[in-house]
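A closer look at the structure
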Amino acid sequence: MPRRTVRAMPRFVAFGELMLRLSPPGALRLTQTTTLEVAFGGAEANVAVALAGLGESTGFVTCLPDNNSLSTLAINTLRGSGVNVDGIVRGGDRVGVYFIEPGAGNRPAVVTYDRARSAIAEADPTDFDWDALLSGAESLHLTGITPALSDSCRRATLEAATVARSRGVFVSVDINYRSKLWSPSEAAEAMEELLPLTDFCFASQGDLGQLFGITDDYYTAAQKLTTRFPNLKGVAATLREPFVGSLAALRAGLLWLGHYAES
């Protein structure tokens, strides 16, 4: 798959998989509906879209099949949200899909993936020309989901962080451990490679416990992570107190240059 020549990218760049999101209307389950609502999602793309909505200059890098109506719809959706799509590589055979049943009452949300052999999972790391993709960028956002998709995605993610580091681009990583994609030991091994190249890490209490055996209160846990990876300037998490279904009380914890705040 040949590399694309891209123009200078926006200030903020995110890299990951963009998936087709299918969900039943309302609070119905998949077994109760004959209709599915169509949208697109992905942890990294969601961040890019959110920042674009706040007026930031953002771009998204992924791989999507060429001559594919779903790819066209996905790209148009990103573009319509104000996200630069010049860095999207075209190739591969399929768009990853996930089905989500919204939580309702005491029933939690249920996600079913159909993302095996997606375009990005089968892309070669050399398909992504990071020197060009990060030209003009000030910040790169990655997650632990992308390296879980395939060995080639793991190498592409590491290459992105390596080039960003060499160019002085601020690197943020959301560990976002997904047990349906890989084991805690596999994820920990990948993070041991990636976090030394990272400036800011989003890491939940669950992530820190499962991957690194850090089970303290969040302030102490974040301090321990920065001791383990002294290059980290900050560590943050959303601290959830679930009620029922998709309802939860949300707090945030942030350790930045040794100072901690929680709200």
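This write-up is about the structure you can find in this document. (Residues numbered from 1 in each chain as written. Predicted model: local features only at pLDDT ≥ 70, side-chain atom pairs only at ≥ 80, totals over all residues. Heavy atoms only, no water.)

1. Notes on the pattern of salt bridges
- Evaluation of the coordinates by the stated rule reveals 15 salt bridges.
- When the shortest N-O distance is used, the salt bridge between Arg11 and Glu56 registers 2.9 Å. Of this pair, Arg11 sits in the segment before strand S1 (12-15) while Glu56 sits in the loop between helix H1 (43-53) and strand S4 (58-61); the two residues are 45 residues apart in sequence, bridging distant segments of the chain.
- Note that Arg90 is salt-bridged to Asp66, the shortest N-O span being 3.8 Å. (Salt bridge = Lys/Arg side-chain N within 4 Å of Asp/Glu carboxyl O. Helix = DSSP H or I, 4+ residues; strand = E, 2+ residues; numbered from the N terminus.)

2. Concerning the packing of aromatic side chains
- Evaluation of the coordinates by the stated rule reveals 8 aromatic pairs.
- With 4.9 Å between their ring centres and 65° between their planes, Phe200 and Phe202 make a pair best called edge-to-face.
- Relative to Trp256, the ring of Phe200 lies with its centre 6.0 Å away and its plane at 45°, an arrangement referred to as tilted. With Phe200 in strand S11 (residues 200-202) and Trp256 in strand S13 (residues 248-256), this pair connects stretches of sequence that are 56 residues apart.
- Judged by its relative accessible area of 34%, Trp256 is partly exposed. (Phe/Tyr/Trp six-rings, centres within 6.5 Å; stacked < 30°, edge-to-face > 60°. Buried < 20%, exposed > 50% of the residue type's maximum accessible area, 1.4 Å probe, protein only.)

3. Examining unusual backbone geometry
- Here Arg117, not a glycine, exhibits a phi torsion of approximately 60°, which is positive.
- Residue placement: Arg117 occurs in the loop between strand S8 (110-114) and helix H3 (130-133).
- Phi is positive for Asn176, close to 45°, though the residue is something other than glycine.
- Inspection of the secondary structure assignment puts Asn176 in the loop between strand S10 (170-174) and helix H6 (184-194).
- For Asn176, a relative accessible area of 16% corresponds to the buried category.

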